[in-house]
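# Working through the structure, step by step
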Amino acid sequence: MRLAEKQIKDLIKKVKVQDQEEDEKIEHGVAQQQLQTLPGRRETLENVVVKPNLEGRKTMGNLELHQNGLRYSSTKGIKVDIPFSNMKHAFFQPCAQDELIAIVHFTLKAPLTLSNKKVTEVQFFKESGIAADDIDGKGGRRRMNDLDELELEERERVAKKKLSQKFFNFAKLVENQAEKTSTPIEFDIPYGSNGHEFHFQGCPIKSVVKIRPTKNCLIAISEFPFFVIDLKEIEAVHFERVAFGIKNFDMAIIFKDFHTFKRINSIPRESIEEIKAYLNEIGVIFSEGVVPMNWNAVLQQIREDFESFLETGGWRFLQEDEHEEAEEEDPELVEDPEFADDESGEASDDTDSDFSDEEDEDYSSEADDAESEGPSWDELEKRAYEDD
């Protein structure tokens, strides 16, 4: 038993060292590769904004397609090169119904240095809408106030569609060029971008954002800081604070290295069934419970006795805890607030009626006592006659 445990630990260490060496090779190889520029006219996305910002401020420029990668040239002459070989993931996000920006976004294998910071997420976007594009030139802004609401909405819809198509066409050109250089790239698109969009609200970093599943990742790239998780790196998902009467729940994502996890907080309860269906579709194990887990301690315990973890069914212990909690929290024993109000109302009515009955009984008994103790009419007449 101890020998098997030692072998497993040695294997885990060996895999970690190999992964580290592979990352270093990738970073070194990417650093050595230079962008091969194309002379003359190039395919370009004009007047796009880069994130993270260059020099700490909003930066405009052009994104150009070259022989073996992309080059972003800002209006101030700053250049950012991204070879195809350094692209781990590429995303295209069209203008959503409630958003005005179209996006191309890249997750990098090796970090770039922007504004003296190393980053692995780089994005280029452009805002749509009449105010941003100023479709009619100088006069357009003056006449915009004269447009009725329906015409304004129609012009905005057309502008968003036109911008999304421009970004989509550029993404296809990038895919074709990458194929020619034997570094294939496929732009990932959020589910339902062409129709009913599947997304859910949650707080993965600092604030509540719209999280969109794609074919390969979970992303939230409409706002900075960006959130991107590769589905291939997910070992299991556990829903926390799932209980009767709680409007939000948390989603803990455990990674395959058994060292790290990511928690998405404050997801509306109505989204849980749709998320479960999505996880079923992509083949990710999930479970749920009432109490948040101390994942640092749980993962450490698994690493220390990995053989026992496998022998006892892996993540089955989370599902067993789920069944135990369900038995302890019998729905027949849970007090519905509506029924509680009704019962308290009935109780108060009964109390009022009992009180009034007691009052009636007391009043009638006092009247009976008064009648029994008071003089009769004959006695009163006799007293009056004697007084006269």
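Now for a quick tour of the structure. It should be emphasised that the depicted structure is a prediction, and the values quoted were computed from it without experimental measurement. (Residues numbered from 1 in each chain as written. Predicted model: local features only at pLDDT ≥ 70, side-chain atom pairs only at ≥ 80, totals over all residues. Heavy atoms only, no water.)

### Quick notes on the overall build of the protein chain
Broken down by element type, the protein chain carries 10 helices and 16 strands. Looking at the 388 residues of the protein chain, the share that counts as buried comes to 36%. Across the protein chain, the fraction of contacts at a sequence separation of at least 24, relative to all contacts at a separation of at least 6, is 52%. (Helix = DSSP H or I, 4+ residues; strand = E, 2+ residues; numbered from the N terminus. Buried < 20%, exposed > 50% of the residue type's maximum accessible area, 1.4 Å probe, protein only. Contact = heavy atoms within 4.5 Å.)

### As for the nonpolar core
Counting residues in each nonpolar core, the largest one holds 32 residues, and the members touching the most others are Leu-63, Ile-82, Phe-106, Val-122, Phe-124 and Phe-187. Breaking this core down by element, the ones donating at least two residues are strand 1 (44–51), strand 2 (60–65), strand 3 (69–74), strand 4 (79–83), strand 5 (87–93), strand 6 (101–114), strand 7 (117–127) and helix 4 (149–180). Those residues in contact with Phe-187 that lie beyond four places of it in its chain are Ala-90, Phe-91, Phe-92, Val-104, Phe-106, Ala-171, Val-174 and Glu-175. Counting residues in hydrophobic clusters, the runner-up holds 24 residues, among them Leu-218, Leu-231, Ile-264 and Leu-279. (Core = buried A, V, L, I, M, F, W, Y, C linked by side-chain atoms within 4.5 Å.)

### Observations regarding the sheet that holds strand 16 (residues 285–288)
Read from one edge to the other, the open sheet built from 4 strands follows the order 15-14-13-16, with strand pairing classed as mixed. What marks the edges here is a single partner per strand, and that holds for strand 15 (261–268) and strand 16. Across the sheet, the mean angle from the axis of one strand to that of its neighbour is 20 degrees, orientation sign disregarded. Its contacts with the sheet put helix 6 (residues 295–304) on strand 13 (234–240), strand 14 (248–255) and strand 15, and the angle it makes with strand 15 is roughly 140 degrees. (Pairing = 2+ DSSP bridges. Axes fitted to C-alpha atoms, helices over the stretch in contact; angles between N-to-C directions.)

### Some thoughts on a negative patch on the surface
Negative charge collects at one region of the surface, where Asp-148, Glu-149, Glu-151, Glu-153 and Glu-156 lie side by side. Overall, the relative accessible area of 46% leaves Glu-153 in the partly exposed class. (Patch = residues over 30% accessible without salt bridge, like charges linked within 9 Å, V, L, I, M, F, W, Y side chains within 5 Å. Areas by Shrake-Rupley, 256 points an atom, 1.4 Å probe, with all protein chains shown as cover. Salt bridge = Lys/Arg side-chain N within 4 Å of Asp/Glu carboxyl O. Lys, Arg positive; Asp, Glu negative; His and termini not counted. Charge placed at Lys NZ, Arg CZ, Asp CG, Glu CD.)

### Concerning the pairing of strand 5
Taken across its 7 residues, strand 5 has 6 buried, putting it largely inside the fold. The sheet contact formed by strand 5 and strand 8 (residues 187–188) spans 2 bridges and is parallel. Within the sheet, the bridge partner assigned to Ala-90 lies in strand 8 and is Phe-187.

### Concerning helix 6
Turning to helix 6, its buried residues are Trp-295, Val-298, Leu-299 and Ile-302. Burial along helix 6 is one-sided: seen end-on, the buried residues are contained in an arc of 95 degrees. (Arc of directions from axis to C-beta.)

### Considerations on the pattern of salt bridges
In this structure the tally under the stated criterion is 12 salt bridges. Linking Arg-71 and Asp-81 is a salt bridge whose minimum nitrogen-to-oxygen distance equals 2.7 Å. Of the two residues, Arg-71 sits in strand 3 while Asp-81 sits in strand 4, which places them 10 residues apart along the sequence. The structure contains a network of salt bridges with shared partners spanning Glu-273, Lys-276 and Glu-288.

### Topic: unusual backbone geometry
With an omega dihedral of -5 degrees, the bond running from Lys-51 to Pro-52 counts as a cis peptide bond. Along the chain, the position of Pro-52 falls in the loop between strand 1 and strand 2. Residue Pro-225 is reached from Phe-224 by a cis peptide bond, and omega for that bond is 5 degrees. Note that Pro-225 resides in the loop between strand 11 (217–220) and strand 12 (227–230).

### Points about the pairing of strand 2
Successive side chains on a regular strand alternate, one facing one side of the sheet and the next facing the other. Of the pairings in the sheet, the one linking strand 1 to strand 2 comprises 4 bridges and is antiparallel in character. Bridging from a neighbouring strand, Leu-45 pairs with Leu-63 of strand 2. Bridge count between strand 2 and strand 3: 5 bridges; the pairing is antiparallel. Looking at the pairing, Leu-63 lines up with Tyr-72 of strand 3. Two successive antiparallel strands, strand 2 and strand 3, enclose a turn made up of 3 residues.

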